Amino acid sequence: MTFRQERTSWDPSARVQKTQVQMIPVHETQAAETQVLPARSPETPGRSARTRATPDPQAQRSPGKATAALFVLATVACVAALAATYVFFVRTTTGQFIDESALVEAVALSGAAGKAATKLLDWLPALSVVIASVVVVFVTILRRRWSAAVIAIAACVGANLATQILKDWLPVRPYRGVETLELNSLPSGHTTMAASAAAAVFLMVSPRWRPLAGYLGGSFAVATGVSTLINQWHRPADVVAAFLVVGAFMVPAGWLIIRRGPGWNVWNGYNEHWASARVWVALPVLTGLAAAGVAAVALLSIGPGGQEVSTISYFWAGTALIVIAGYLATVAGVWLFGLAARQPDPRRPDRPPGQER
């Protein structure tokens with residue numbers, strides 16, 4: 001009834017033409033739907049399952065693979081720096097004089113600081129083992145990082161064994177005109193124990209916790225090294241050598257851990273979590289710069305003939321050397337491991353399967 005009321009002409013041919021015009025869009029719509037539907041939803045049960053089973057290309061990333069050369073370079077640098085430290089501070093007159101002077105001048109701080117250092121050194125072996133064991137066992141059981149725990153513990157044991165072997169294997173200190181003990185004390189065993197325990201914790205925690213773990217562990221190792229100097233157990237070069245031994249073992253071990261645990265060695269960069277805030281990197285950098293300033297002032301106070309304005313200039317220079325070496329290793333480790341675990345696109349909201357917050 002509506003169609004006849006809208007028609008303005010009784011011409012039969014017009015009626016047929018209009019009917020045909022009305023029918024054409026219907027057929028065209030059906031044809032369009034027939035053509036569009038297969039393109040929009042061509043899924044079959046088998047194909048749909050295969051599509052869902054296809055992993056995200058970002059989830060197939062291989063952390064650590066692109067930075068393998070950097071890890072190798074860092075390991076070689078630790079070994080080379082260890083050899084250079086031994087040659088300069090043990091085999092040369094200048095190195096022996098600086099190292100021994102720092103040790104002798106530590107007597108001036110043998111009061112309250114010496115007592116505190118002795119207490120720290122007495123508790124150090126048990127403290128290092130307890131801290132590392134608690135963290136490693138907790139993370140291993142809770143997160144089931146069994147292979148990472150084996151690698152970290154093996155590297156920790158290897159670093160401490162290497163330190164004791166070097167003490168016995170390296171020749172005694174030759175006489176270069178400097179009155180010193182001939183016994184070899186390089187590297188420091190106490191510092192190796194503290195630094196390796198801190199490094200094991202650093203490797204076991206998730207990437208978002210590594211900036212904080214690196215700062216706390218580095219501070220613990222630096223405090224241990226300074227304590228051995230204050231207590232006159234080791235020279236500054238012994239402590240620096242211990243840091244390098246730990247680095248030579250822990251850097252390749254860390255690369256293996258990253259390769260063995262690609263699911264959890266992933267992060268989106270700094271400031272994503274309070275433990276990965278940039279402040280934990282800024283603090284060791286600022287402390288190292290301050291130590292460099294102290295070392296410069298201490299060395300400038302020593303005249304050409306070895307005359308000192310201060311009676312403990314070499315001690316402060318040696319202490320600054322320990323602080324600089326310890327925190328430089330901390331910052332380098334956080335940067336290197338962060339680079340290896342960094343996602344290709346940190347702005348992407350989704351994460352690879354298995355990533356742990």
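This write-up is about the structure you can find in this document. (Residues numbered from 1 in each chain as written. Predicted model: local features only at pLDDT ≥ 70, side-chain atom pairs only at ≥ 80, totals over all residues. Heavy atoms only, no water.)

Our next topic: the overall build of the chain. A count of helical and extended segments in the chain gives twelve helices and zero strands. Taken from the N to the C terminus, the helices and strands of the chain come in the order α-α-α-α-α-α-α-α-α-α-α-α. A burial count over the chain gives 44% of its 357 residues as buried. Per element, the accessible surface of the chain, about 19,300 Å² overall, is 68% carbon and sulfur. (Helix = DSSP H or I, 4+ residues; strand = E, 2+ residues; numbered from the N terminus. Buried < 20%, exposed > 50% of the residue type's maximum accessible area, 1.4 Å probe, protein only. Areas by Shrake-Rupley, 256 points an atom, 1.4 Å probe, with all protein chains shown as cover.)

Between helix H9 (residues 210–230) and helix H12 (residues 313–341), whose axes approach to 9 Å, the crossing angle comes to 160 degrees. By the angle between their axes, H9 is roughly antiparallel relative to H12. Crossing of H9 against H12: the hand is right-handed. Note on element contacts: H12 touches H9 through Phe 315, Gly 318, Thr 319, Ile 322, Val 323, Gly 326, Tyr 327, Thr 330, Val 334 and Phe 337, opposite Arg 210, Pro 211, Gly 214, Tyr 215, Gly 218, Ser 219, Val 222, Gly 225, Val 226, Leu 229 and Ile 230. (Axes fitted to C-alpha atoms, helices over the stretch in contact; angles between N-to-C directions. Parallel < 35°, antiparallel > 145°, perpendicular 65-115°, else oblique. Left-handed = near helix turned anticlockwise from the far one by under 90°. Contact = heavy atoms within 4.5 Å.)

Our focus in this paragraph is the side chain of Glu 105. Topologically, Glu 105 is positioned in helix H5 (residues 93–105). No salt bridge is formed by the buried Glu 105, whose closest oppositely charged neighbour, Arg 235, lies at an N-O distance of 13 Å. A polar atom in the side chain of Glu 105 sits 3.3 Å from the backbone nitrogen of Ser 313. At a separation of 2.9 Å, a polar atom in the side chain of Glu 105 contacts the main-chain amide nitrogen of Tyr 314. (Lys, Arg positive; Asp, Glu negative; His and termini not counted. Salt bridge = Lys/Arg side-chain N within 4 Å of Asp/Glu carboxyl O. Polar contact = N/O pair within 3.5 Å; in protein donor to acceptor, adjacent residues only side chain to side chain.)

Next up on the list: the packing of aromatic side chains. Evaluated as defined, the whole model comprises nine aromatic pairs. Residues Phe 97 and Tyr 314 carry aromatic rings whose centres are separated by 5.4 Å and whose planes lie at 85 degrees to one another, so their mutual orientation is edge-to-face. Taken as a pair, Phe 97 in helix H5 and Tyr 314 in helix H12 lie far apart in primary sequence, 217 residues in all. Given the relative accessible area of 39%, Phe 97 is considered partly exposed. Relative to Phe 337, the ring of Phe 202 has its centre 5.4 Å away and its plane inclined at 85 degrees; by these criteria the two rings are edge-to-face. Pair noted here: Phe 202 is in helix H8 (residues 189–204) and Phe 337 is in helix H12, with a separation of 135 residues, a long-range link. (Phe/Tyr/Trp six-rings, centres within 6.5 Å; stacked < 30°, edge-to-face > 60°.)

Glancing now at the nonpolar core. Most often, soluble globular proteins keep nonpolar side chains buried together rather than apart. Among the nonpolar cores identified, the biggest contains 69 residues, and Phe 71, Leu 186, Leu 203, Met 204, Phe 243, Met 250 and Ile 257 are the most heavily contacted of them. Among the secondary structure elements, those contributing two or more residues to this core are helix H4 (68–91), helix H6 (112–143), helix H7 (146–169), H8, H9, helix H10 (236–260), helix H11 (279–300) and H12. Among the elements that take part in this core, H10 stands out by supplying 13 residues, more than any other. Setting aside residues up to four positions removed in sequence, Phe 243 forms contacts with Thr 191, Ala 195, Ala 221, Val 222, Ile 322, Ala 325 and Gly 326. (Core = buried A, V, L, I, M, F, W, Y, C linked by side-chain atoms within 4.5 Å.)

The next subject is the pattern of salt bridges. The full count for this structure, using the stated rule, is one salt bridge. A salt bridge links Arg 235 to Glu 100, with the shortest nitrogen-to-oxygen separation between them at 2.9 Å. One end of the pair, Arg 235, is in the loop between H9 and H10; the other, Glu 100, is in helix H5, with 135 residues separating them in the sequence.

Attention now goes to the environment of Gly 225. One can find Gly 225 in helix H9. Looking at Gly 225, the relative accessible area reads 0%, which means it is buried. Distance in space between the C-alpha atoms of Gly 225 and Thr 319 is 8.6 Å, their sequence separation being 94 residues. Apart from residues no more than four positions distant in its own chain, Gly 225 is found in contact with Thr 191, Val 239 and Ile 322.

Without other data, these values stay purely geometric and don't point to any function.
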